[in-house]
Amino acid sequence: AIARIEPNTASLDKRYLALWLSAADLLSGAGRAVKGNTLNSASLRAIPVSYPPVAEQRRIVDLIGAVDMATRRAAGLVQAATAAYAAVLWDAFAFTEERVSLGEVCEITVGPVFASADFTSEPGGTRLLRGVNLTPGATRWDDSAFWSNGDVGRFSKYSLRTGDVVVAMDRAFTMAGELRAAQIVRGDLPALLVQRVARLRVRSGPVPQGLVYHFLRSRSVGSLLSEAQTPGGYVPHLSARDFARCEIPALSGEDAERLEAVLDSASEVVLRGRVMVANLKRTRPVFVASLLSGEHEIPASYDRFLDGAA
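All of these numbers come straight from a predicted model, not from anything done at the bench.

## A look at the sheet that holds strand β2 (residues 106–110)
Taken in spatial order, the four strands make up an open sheet running β2-β11-β8-β9, and their pairing is antiparallel. Single-partner strands in this sheet number two, and they are β2 and β9 (181–183). Along the sheet, successive strands turn relative to each other by an average axial angle of 20 degrees, direction set aside.

## Some words on the packing of aromatic side chains
Taken as a whole and assessed by the stated rule, the structure comprises three aromatic pairs. Aromatic side chains F93 and F215 sit 5.5 Å apart centroid to centroid with 75 degrees between the ring planes, which places their arrangement in the edge-to-face category. Of the two residues, F93 sits in helix α4 (residues 54–95) while F215 sits in helix α6 (residues 209–216), which places them 122 residues apart along the sequence. As far as the burial class goes, F93 and F215 line up, both buried. Positioned over the ring face of W141 is R127, at 4.5 Å from the centre of the ring.

## Notes on the nonpolar core
In terms of nonpolar packing, the biggest core is built from 35 residues, with L200, F215, L216, L225 and I248 touching the most fellow members. For this core, the secondary structure elements donating two or more residues are α4, α5 (102–105), β8 (165–168), β11 (197–202), α6, α7 (219–228) and α9 (253–292). Per element, the largest residue contribution to this core is five residues, and it comes from α6. For F215, the residues in contact, after removing those within four places along its chain, are L89, A92, F93, V207, V221, I248, P249, L251 and L259. Counting residues in each nonpolar core, the second largest holds 18 residues, with L129, W141, F155 and I184 among its members.

## Looking at the confidence of the model for the chain
Of the residues in the chain, 81% have a pLDDT of 70 or more, and the chain-wide mean is 84. The secondary-structure element of the chain with the lowest mean pLDDT is helix α2 (residues 26–29), recorded at 45, while β8 shows the highest, at 96. Contacts of residues 26–35 to residues separated by more than four positions or lying in other chains number 13 contacts, the stretch itself having pLDDT below 50.

## Concerning the environment of F243
For F243, the position within the fold is in helix α8 (residues 240–245). For F243 and G103, which are 140 residues apart along the polypeptide, the C-alpha to C-alpha distance reads 7.3 Å. Those residues in contact with F243 that lie beyond four places of it in its chain are L102, I108, V167, A168, M169, A198, L216, L225 and L238.

## Overview of unusual backbone geometry
Trans is the prevailing form of peptide bonds, just as negative phi is the prevailing case for residues other than glycine. A cis amide bond links L189 to the next residue, P190, at an omega of 0 degrees. Inspection of the secondary structure assignment puts P190 in the loop between β9 and β10 (191–193). You will see that R171, though not glycine, has its phi angle at about 45 degrees, which is positive. For R171, the location among the structural elements is in the loop between β8 and β9. For R196, which is not glycine, the phi dihedral falls at a positive 75 degrees. Residue position: R196 is located in the loop between β10 and β11. For R196, a relative accessible area of 25% translates into the label partly exposed.

## A short note on α7
Each full turn of the α-helix corresponds to 3.6 residues, which orients residues three or four apart in the same direction. Buried within α7 are the following residues: V221, G222 and L225. Burial along α7 is one-sided: seen end-on, the buried residues are contained in an arc of 100 degrees. Exposed positions of α7 whose direction lies more than 90 degrees from the buried face are R219 and E227. Residues of α7 that are buried make contact with α4, α6, α8 and β14 (247–249).

## Focus: helix α1 (residues 14–23)
Within α1, the full set of buried residues consists of Y16, L17, L19, W20 and L21. Its side-chain oxygen placed 2.9 Å from the backbone nitrogen of R15, D13 serves as the N-cap of α1.

Cut-off values and rules
- Per chain, residue numbering runs from 1 following the sequence as it is written.
- Totals for whole chains, interfaces and linings use every residue, but because this is a predicted model, local features are given only for residues with pLDDT of at least 70 and side-chain atom pairs only at 80 or more, for both listing and counting.
- Side-chain measures were taken over the full set of non-hydrogen atoms in the model, leaving aside hydrogen atoms and water.
- Pairing between strands is defined by DSSP: at least two bridges between them are needed.
- The helix and strand labels rest on DSSP assignments: H or I over at least four residues marks a helix, E over at least two residues marks a strand, and numbering proceeds from the N terminus.
- To get an axis, a line is fitted to the C-alpha atoms, and for a helix only the part in contact is used. The angle between two axes follows their N-to-C directions and goes from 0 to 180 degrees.
- Pairing of aromatic side chains here covers Phe, Tyr and the six-membered ring of Trp, requires ring centres within 6.5 Å, and sorts the geometry by plane angle: under 30 degrees stacked, over 60 edge-to-face, intermediate tilted.
- Note on exposure labels: buried denotes an accessible area under 20% of the residue type's maximum, exposed denotes more than 50%, and partly exposed covers the range between, all computed with a 1.4 Å probe on protein chains only.
- A positively charged side chain is recorded as over a ring if its NZ (Lys) or CZ (Arg) lies within 6 Å of the ring centre. The angle to the ring normal must also be within 35 degrees.
- Put simply, a nonpolar core is a bunch of buried Ala, Val, Leu, Ile, Met, Phe, Trp, Tyr and Cys residues held in one set by side-chain atoms that sit within 4.5 Å of each other.
- It only takes one pair of heavy atoms within 4.5 Å for two residues to be counted as in contact.
- On a scale of 0 to 100, pLDDT captures the predictor's confidence in every residue.
- Comment: arc refers to directions from the helix axis out to C-beta atoms.
- Pairs of N or O atoms are called polar contacts if they sit within 3.5 Å, as long as, within protein, a hydrogen donor faces a hydrogen acceptor (for residues adjacent in sequence, only side-chain-to-side-chain pairs).

Printed below as a string of structure tokens:
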């Protein structure tokens, strides 16, 4: 069943009412009137609505609308940049006849087993790059582990450096089908590989490190790796051999430099846009709750936000 709710007073803006109802936890707010996880007309009438003067209501609605518009614009930019990134990679595979395997051009190293007893979550020391720290196109350190044992030197073979390509080997793909691969930047260091994470580092050959990273994220390589996954219990995983067998276009010189610059630019737009969308989505409910609380008036500075979002 669907109910239509209309304000019965000129003191309540219809858009504000819709915002209030969308933000309220109706099922818990209606209390004992809720039966079978549903609402009836009596329980809906019992829901209290707190509202400021109409002018204030409209400013609140406009402000949240500006946040929603900014989110949609950022999401559209991400979608367009993602499509452009994929199209450029597709063209590189389609129009470059010469191929080379990742095993020919890269040193592929798999991280060792670190004793979990020596892990610590306390910041400091050397980070351990685990699969949980990899997302498509970037590292994430909100769930960090550090090596607490002072003897880091014996693991120097597994040290990471700027530009290294790192890939998750367990659950390598997200639900959206994107490979969890990233390129190490200065802010990630110092860090060490851990078991079930692979590092690809170009030894020599016709393909620069940056393009190896982008080619690894292409649909062509992604489909090959997806098919190569073998179930390990309940966890699909990849091996170093699976990465080594993948073939990529053999590009070098000015062509490779131009292509890498275009792909870097598109990838950066995608990453920044995703961060913006995530931040806006995370902030919106807090923003709404604050504005609907009735504990303060909207400061005049919010109008500048509305002007900038228009």
